[in-house]
Every structure is written in structure tokens, then in C-alpha cells.
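Close look at the chain arrangement
What follows is each chain in one-letter form.
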Amino acid sequence: MADFSLDPEFEEQLDWIRGFVRAEVEPLDLAFEGEETVYNKSGRLYSDVIRPLQQVVKDKGLWSCHLTPEFGGQGYGQVRLAYMNEILGRSQFAPTVFGNQAPDSGNAEILAHYGTAEQKERYLQPLLDGYISSCYSMTEPQGGADPGVFTTRAVLDGDEWVIDGEKWYSSSLRFAAFVIVMAVTDPDVSIYKGMSMFLVPADSVGLEVIRNVGTGGEPEGHGGHAYVRYNAVRVPKDNLLGGEGQAFEVAQTRLGGGRLHHAMRTVGAVGRCLDMLCERALSRTTQGELLARKQLTQEKIADSWIELTQFRLQVLHAAWRVDQVGGHAARKEIAGVKVATPKVYREAVLRTMQLHGALGVSNEMPFSKMLMASVTMGIADGPTEVHKGTLAREVLKSYRPADGNWPSEHIPDRRAAAREEFAELLEIVAAEH
Ligand SMILES: Cc1cc2nc3c(=O)[nH]c(=O)nc-3n(C[C@H](O)[C@H](O)[C@H](O)COP(=O)(O)OP(=O)(O)OC[C@H]3O[C@@H](n4cnc5c(N)ncnc54)[C@H](O)[C@@H]3O)c2cc1C
């Protein structure tokens, strides 16, 4: 039986997080917009404001709660993380202040699992302490959803790997101290055995950022996602993470948790949409009555509340499953949540945006940004279609084909079997009439 209950001590912590995020962190979203401010860890904003806030979080014992105590975290299970991330999802800066922002959280997990002692000291520790940023470089210009089209190559030359190729949409590379790069090491076997993962320092000779790309709404030439070329970039042999040909096992370390955490934060964003929807409905009058009294507004509120409640429970259930059986066995639940996330978010934003009229589509409200964020949720970490395929295949595992030509629910066969079972009684009942 799923159990999402909270102990009173943790509830108190959640109350504290809620108040802290609202009072201390949300103002940062308004004062310092843009991805660069979140990922640039060398500027004054970090030293003067964010680090002190991070220290408050550390003193409260709430830093990097997804990591085990060995790595300075709290070892929280996913259900606890779900409740916590729901609050953090209301602010762009909150994950950074609490030490669990993507892609660093996933990359830290990879280094923790596969890094050498020296790599951990040089990259993992400062990453965990919030002193450097990192990047994950997998998608290529010719395709992201199908790794079969990846061509970036890594070849062993003496004691060094030489990496050649182009990657696309490598988020936060411009502020990263290191990049985790997926490359083909054996083109003669299936991609699932022929790709490997590498740790590449961001200042490596030959690493060339062709341009930084943004999402819609950002000016051209600006943005946090790098189109990058690796021109014969050389890294030591030890920078292979995991074994040769193990890129997909290594990648799994970060993606399962990451997808779930995006969904948890989206619960917070969808909750924010409902809050704004209800406030507007109770504040705006048209044709002599509040919008809240219009049935079509009530439908929006009811739909938004129902979808938020369903989605929140779905996310909590997936989190609980991961806690019970682990990420691999909970693939179905994680894929289900990944598919639901952009849809629920987009619908919630659209309803709230609509109810705000011209103000809703203006740049004075957060909706257009939220709308773009909801759409990107259906693409980043793999498109919805691919995850629907995974989900369907997992669901199908518990079914088998029907015997013969007719479905097992085919009425004539079932009725004949039922009639045979009750043949005697049927005769008696017929005689009674
Ligand atoms: C905000 C954001 C951040 C990102 N950050 C990173 C990052 O840090 N590192 C990184 O490596 N990548 C990153 N990506 C890239 C992301 O992983 C890819 O965009 C994604 O895997 C899809 O690849 P693609 O864009 O090449 O689309 P394609 O693979 O070309 O797919 C395009 C569309 O085709 C359809 N499609 C694809 N496959 C199927 C299928 N099997 N069945 C049916 N339809 C299908 C879908 O509609 C899909 O959206 C990021 C993307 C976004 C939007």
C-alpha cells in the first residue's frame, strides 16, 4: 500500500522551506533573470547573495538532500524529495540554493559512481559544494532522440582518448568546469555496446563553442545551450567513465532521478498556475459579476484542480515506487510521469493565461515563459513520443495475446461458457416464467 504520509518534524521543515523560498529566494528570480545568472558561479551574485543563502540551507541540514550523507547530502527517499521539490519548483533559483539543480545533480551522481579518487576531488567535491557548474553533452545536431545517429567519435591514442565531433544543446556549457560527453568508441557493434562516456575539462584544447542557443523568446545569439565542436580534444585514459561501451548504463545513473525531479518541480509550477487562476477569478469583474461566477471559469478551475491533484498523486506514486523497488524496476512509473509532465503543465498555463486576457499574453506576467518551459519539458531528456513507447512496452509486459481469433472479452464465447455453468438453473428460471 502506497504511503505518502509525513512525520511532523519533516512537515515543519517543509514549512520552513516554503517561507524561506518565498521570502529569500523568489525575489532573486525577479531581480536577476536569465540562465546565466543561475549557472555563473564566479560572479558577485554568487559570492554576495547565493552562497550565504546556501549556507543557511546547509546549516538547516537541507543541502543536496538527494545525495547520500557520504557526499554531503541527506539521503532522502524520493517521496520526501517530491514534497520538497514541489516547493522548489516555484522558483528558478531555488534548486541552486538547495544544491539540487540540473544538470549538476545528475552529473554529480555519475562522478560519484564512476569517477576516480582524483576526479572526485577535483570536480565532484566543488560541484557538490556549489562552487562549479557542469554540462552533459549527448545530443547531436543530426538527432537527439535516436542515439543511433550519433557520430562523435573517441579513439584511444596511447594514454589518451581523442574526441572528435559536434554536440547540440549542451546546456550551461559556457559556465561549466567540466563536460560529460557521450561518444562512439566502437562503430562496429550496436550503439548500446559501442558508446562510452568521458569526463572532459571545459578548458580542454580543441573544445570550441560554435554558438550559444536560447529557447524561444530569448534574443538570437543568446542562451544557455551550446552548439559545440570537439576538435581532436585529448583527455587522459582515466577520463573514461564506467567501462568502454557502457555509456547507456552510465547515463541511466542520472536520467531516472532527473526526470522524476523535473516532474516534482512541475507540480509546484502547476500549483502556482492554479493560485494565479483562482486569484484572477476572484479579482476581475465582467458583465457585472466576478469571473469566478462564470461557469466556464469554474470549469477551468475545476479542471486545473483535478489535473493538479491527479498529477501530484502520480508523481508521489512514482516516487514511492522508486523508493520501494528502485529506478530500473519503476521505469513504467517514471516514463508515465515524464509523459504527463509537459501536458499537465501546458494545460494549466494555457487556462491561467487565457483568464488573464491581454495581461496574460503580455511580458508583464510569467505565462509565456512558463508555456515555453512546459513545451521544452516534452523534449528535454527525450521527446514524449519516445517515453510513450517505453511506457507502452512496459505496460504490455503484463499482457499476453488472446487464445484463438476472438478477444478474451468476446461476449458470445463467454456467454456460452456462463450458460453451460448455469445450465440447470437456467432451465429452472425459464420454467418459473
Ligand atoms: C531545454 C532543453 C535542454 C536540453 N539540454 C540538453 C543537454 O544538456 N544535453 C544534451 O545532450 N541534450 C540536451 N537537450 C536536447 C534533448 O535531449 C533533445 O532535444 C531530445 O533528445 C530530442 O532530440 P532532437 O531535438 O534532436 O529531436 P529529434 O530526435 O529530431 O526528434 C524530433 C521530434 O521527432 C519526434 N520523434 C522522435 N523520435 C520519435 C519516435 N521514436 N517516435 C515518434 N516520434 C518521434 C518527436 O516529436 C520529437 O520531438 C536539451 C533540450 C532542451 C529542449
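Each residue is numbered by its place in its chain's sequence as written, counting from 1. Residue-level local features of this predicted model are given only where pLDDT is at least 70; pairs of side-chain atoms are given and counted only at 80 or more, and the full residue set underlies all totals for whole chains, interfaces and linings.

So, on to the site of the ligand. Residue proximity rests on one test: whether the C-beta atom, placed from the backbone, lies within 6 Å of the molecule or strand. Around the ligand, 22 residues are found, and the nearest of them are Met-138, Gly-144, Ala-145, Ser-171 and Glu-385. Secondary structure elements with two or more residues in the shell around the ligand: strand S1 (133-137), strand S3 (160-171) and helix H14 (384-396). By the convention adopted, Pro, Cys, Tyr, Trp, Phe, Met, Ile, Leu, Val and Ala count as nonpolar, Lys, Arg, Asp and Glu as charged, and the other residues, Gly among them, as polar. Here the residues of the shell around the ligand are counted per class, giving nine nonpolar, 10 polar and three charged. Where each domain starts and ends comes from a domain assignment, either automatic or drawn from a database. Per-domain counts for the shell around the ligand show at least three residues from each of domain 2 (134-245) and domain 3 (249-396). The helix and strand labels rest on DSSP assignments: H or I over at least four residues marks a helix, E over at least two residues marks a strand, and numbering proceeds from the N terminus.

Take the environment of Ala-269 next. In this structure, Ala-269 sits in helix H9 (residues 247-281). Look at Ala-269 and you get buried, because 22 C-beta atoms sit within 10 Å. Considered as a pair, Ala-269 and Tyr-345 are 76 residues apart in the sequence and their alpha carbons are 7.5 Å apart. Contact between two residues is assigned whenever their backbone-derived C-beta positions fall within 7 Å. Not counting residues up to four positions away in its chain, the partners in contact with Ala-269 are Gly-89, Arg-90, Tyr-345 and Met-370. With C-beta atoms placed from the backbone, a residue counts as buried when 20 or more other C-beta atoms lie within 10 Å of its own, as exposed when 12 or fewer do, and as partly exposed for counts between those limits.

By definition, a nonpolar core groups buried Ala, Val, Leu, Ile, Met, Phe, Trp, Tyr and Cys residues that connect through C-beta atoms lying within 7 Å of each other. In this structure, Phe-198, Val-315 and Ala-319 are the most contacted members of the largest nonpolar core, which totals 99 residues. The element that contributes the greatest number of residues to this core is H9, accounting for 12 residues. In this view, Phe-198 contacts Ala-154, Trp-161, Ile-163, Val-181, Ala-183, Val-235, Asn-239, Leu-240 and Leu-241; residues no more than four positions away in its chain are not counted.

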